[in-house]
Amino acid sequence: MAPTVRLKAAAPLRVVFAGTPEFAATALAALLQAGHPVPLVLCQPDRPAGRGLKLQASPVKALALKYGIAVAQPRSLRLDGKYPDDAQAAQAALLEARADVMVVAAYGLILPQWVLDLPPLGCLNIHASVLPRWRGAAPIHRAIEAGDASTGITLMQMDAGLDTGDMLLVAEEAIRADDNTAALHDRLAALGGRLVVQGLAAAAAWQRRSQPAEGVSYAHKILKSEASIIWTQPATEIERRVRAFDPFPGASFALDGEQIKLWRAALRPELSGPPGQVLLAQDGRLCVACGEGALELLQLQRPGGRRIDAAALLQARPGLAGRQLSQPGQMA
């Protein structure tokens, strides 16, 4: 355990911030609004995006540039790794920043020990779950997919492990029955911003708690290969996956040579039939049998199109009643 560093609780702290996506940008905005000086931001290199695949700054970089904050975008922080020049330049920038603490949120790079040891107050991570449940890359998606009743934010002191450090603060957030990843992400991002500001304000009185040994689970990265709907699974599991995979990668099924994305569905436990069979396709309603129960498909999207309701799909694809939708690897 690192030695306790005593600072005046109400004093603004010099913060180096490391993060990349919108979740992290929300936390950075909260730190700036709270008056903490941020001399340096670390984020991932710009990535190609959009139809033209032009390089695009991440939300964190865009916010940092708006406030005139220096930005470093190393490909690695390992001094002995593949990009030592990047790491050495980042090291020089971090030393010059003279930060009291580093705050990390969805950064995307592993911090080597020299980074963890650099700030007097160490490195704090804003993690989108109540640890030790859902350590890893995709805690919001996996909590919805698993049917968890609640999740939250853990502000933790980082160590060399994967989300294994001591906890400083925890705040819970209920998962609503209609939550998708986008909606829950936004609430947790706001909660993370509030929690890190609260944590830094109480830096003089931090009480670190080890994570429980029981209840550990890992939120593995979401893969595009997980998107295909398996109709033999229970309707409850498919419906949760539909919400968990919105906005990425989007649950999908094959129909007449097209991959149709399913963005919203409702449980219809009173209906049953062979898994994948279209049980109802009329009056704007589209219901499909699952391994247990059935789903009413409410919001869908054809390739290259916008999100539409079932009535619009039925108008474009009439005669679906009784059809058998495919399983992954098949085309219906």
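Within any chain, residue numbers begin from 1 and follow the written order of that chain's sequence. Local features are withheld for residues below a pLDDT of 70 in this predicted model, meaning they are given only at 70 or higher, and side-chain atom pairs are given and counted only at 80 or more; totals for whole chains, interfaces and linings count all residues. Note: side-chain values were computed over all heavy atoms of the structure, leaving out hydrogens and water.

> Help me out: how do you make sense of the overall build of the chain in this one?
Where helices and strands are cited, they refer to DSSP runs of H or I of at least four residues and of E of at least two residues respectively, numbered from the N terminus. Counting its regular elements, the chain contains eight helices and 17 strands. Referenced to the eigenvectors of the C-alpha coordinate spread, the extents of the chain come out at roughly 70 × 45 × 35 Å. For the chain, the residues scored as buried account for 48% of the 332 residues in total. Any two residues having at least one pair of non-hydrogen atoms within 4.5 Å are treated as being in contact. Looking at the chain alone, contacts between residues at least 24 apart form 65% of all its contacts between residues at least 6 apart. To be clear on the numbers: accessible area is Shrake-Rupley with a 1.4 Å probe, and residue cover counts the displayed protein chains and nothing else. Accessible area of the chain: about 15,900 Å², with a carbon and sulfur share of 53%. A gap of 5 Å separates the mean positions of the 34 positive and 30 negative side-chain charges of the chain. Using a 1.4 Å probe on the protein chains alone, a residue whose accessible area is under 20% of its type maximum counts as buried, one over 50% counts as exposed, and one in between counts as partly exposed. Positive charges come from Lys and Arg alone, negative charges from Asp and Glu alone, with His and the N- and C-terminal ends not counted. Note that the charge is assigned to NZ on lysines, CZ on arginines, CG on aspartates and CD on glutamates.

> Got a minute to help me understand helix α3 (residues 84-97) in this structure?
An α-helix turns once every 3.6 residues. As a result, residues three or four positions apart point the same way. In this analysis, the expected span of each helix is defined as 1.5 Å times one less than the number of residues it contains. Taking 1.5 Å per residue, 14 residues should reach 20 Å; α3 reaches 20 Å between its end C-alpha atoms and fits that length. Buried within α3 we find D86, A87, A90, L94 and A97. All buried residues of α3 fall inside an arc of 90° around its axis, so they share one side. Every exposed residue of α3 that faces more than 90 degrees away from the buried side is listed here: D85 and E96. Looking at the buried positions of α3, the neighbouring elements they touch are β1 (15-19), β2 (40-42), β6 (101-105) and α4 (113-116). What the arc covers is the set of directions going from the helix axis to the C-beta atoms.

> What exactly am I supposed to notice about the nonpolar core here?
The tendency in soluble globular proteins is for nonpolar side chains to be buried as a group. Membership of the largest hydrophobic core comes to 47 residues, with the highest contact counts inside it found for F17, I126 and L200. Counting residues in hydrophobic clusters, the runner-up holds 24 residues, among them L255, V278, L297 and L300. In plain words, nonpolar cores are sets of buried Ala, Val, Leu, Ile, Met, Phe, Trp, Tyr and Cys residues tied together by side-chain atoms within 4.5 Å.

> Please clarify how the state of the cysteines should be interpreted in this entry.
Two cysteines, two sulfur atoms, one covalent bond between them: this is a disulfide. The disulfide criterion is simple: two cysteine sulfur atoms within 2.5 Å. Enumeration according to the criterion identifies zero disulfides in this entry. Cysteine C43 shares no disulfide, and the gap to the nearest cysteine sulfur, in C123, comes to 16 Å. Take C43: its relative accessible area is 0%, and that puts it in the buried class.

> Please explain the pairing of strand β12 (residues 251-255) as it appears in this structure.
Every other side chain in a regular strand lies on the same face of the sheet, so the side chains alternate between the two faces. The element β12 is largely enclosed, with a buried count of five among its five residues. Of the two faces of β12, the one lined by A251, F253 and L255 and the one lined by S252 and A254 are each fully buried. At least two DSSP bridges between two strands are required for those strands to pair. In this sheet, strand β13 (residues 258-267) lies alongside β12 in antiparallel orientation, the contact comprising five bridges. Looking at the pairing, A254 lines up with Q259 of β13. Linking β12 to β13, which pair antiparallel, is a turn of two residues; within it D256 sits at a positive phi near 50°.

> Would you explain the packing of aromatic side chains in this entry?
When we look at a pair of aromatic rings, we describe it by the centre distance and by the angle of the planes. Here the aromatic set is Phe, Tyr and Trp, taking the six-membered ring for Trp, and pairing holds for ring centres within 6.5 Å; pairs whose planes are under 30 degrees apart are stacked, those over 60 apart are edge-to-face, and all others are tilted. A complete count under the given rule lists one aromatic pair for this structure. Seen from their ring centres, W231 and F253 are 5.7 Å apart, and the 65° between their planes marks the pair as edge-to-face. Here F253 lies in strand β12 and W231 lies in the loop between β11 (218-219) and α7 (235-244), a separation of 22 residues in the sequence. For the residue pair W231 and F253, the accessibility class agrees, reading buried in each case. Sitting over the ring of W263, R307 keeps its end group 3.7 Å from the ring centre. Criterion for a charge above a ring: Arg CZ or Lys NZ at most 6 Å from the ring centre, at most 35 degrees from the ring normal.

> Sorry if this is basic, but what is going on with the side chain of D163 here?
Considering the arrangement of structural elements, one finds D163 in the loop between β9 (150-157) and β10 (167-174). Whenever Lys or Arg places a side-chain nitrogen within 4 Å of a carboxyl oxygen from Asp or Glu, that contact is recorded as a salt bridge. For D163, which is buried and forms no salt bridge, the nearest opposite charge comes from R135, at a distance of 6.6 Å. If near-sequence neighbours (up to four positions away) are discounted, D163 is found in contact with N125, H127, L131, R135, G136, M156 and Q211.

> Help me understand the packing of helix α5 (residues 139-146) against α7 in this model?
Helices that pack against each other are described as a pair by the angle of their axes relative to one another and the distance between those axes. An axis is simply a line fitted to the C-alpha atoms; with a helix, the fit covers only the stretch in contact. Between two such axes, the angle follows the N-to-C directions and lies from 0 to 180 degrees. The geometry of α5 relative to α7 is characterised by a closest axis approach of 7 Å and an angle of 160° between their N-to-C directions. When the interaxial angle is binned, α5 and α7 end up roughly antiparallel. The handedness of the crossing between α5 and α7 is right-handed. Counted together, H141, I144, E145 and A146 of α5 and R240, R241, R243 and A244 of α7 form the full contact between these two elements. For classification, angles of less than 35 degrees are called roughly parallel, those exceeding 145 degrees roughly antiparallel, those between 65 and 115 degrees roughly perpendicular, and all remaining angles oblique. Each crossing gets its handedness from the near helix: less than a right angle anticlockwise from the far helix is left-handed, clockwise is right-handed.

> What is the right way to look at the environment of V288 in this model?
Relative to the assigned elements, V288 resides in strand β15 (residues 285-289). Of the residues examined, V288 reaches a relative accessible area of 1% and is grouped as buried. For the pair V288 and P274, spaced 14 residues apart in the sequence, the C-alpha separation amounts to 9.1 Å. If near-sequence neighbours (up to four positions away) are discounted, V288 is found in contact with W231, G276, Q277, V278, L279, A294, L295, L297 and L325.

> When you look at the side chain of R317 in this model, what are you seeing that I'm missing?
When you line up the elements, R317 lands in the segment after α8 (310-316). Since its relative accessible area comes to 18%, R317 is described here as buried. Among the polar contacts listed, one links the side chain of R317 to the side chain of D256, at a separation of 3.4 Å. Apart from residues lying up to four places away in sequence, R317 is in contact with L255, D256, E258 and R302. Under the rule applied, a polar contact is a pair of N or O atoms within 3.5 Å (in protein, one hydrogen donor and one hydrogen acceptor; residues adjacent in sequence only if both atoms are side-chain atoms).

> Explain the pairing of strand β14 (residues 278-282) here, please?
In terms of strand pairing, β14 meets β15 through four bridges, oriented antiparallel. Across the sheet, the residue bridging to A281 is L286, located in β15. What sits between the antiparallel neighbours β14 and β15 is a turn of two residues, in which D283 has the positive phi angle 50°.

Treat this as a map of the structure, not an account of what it does.
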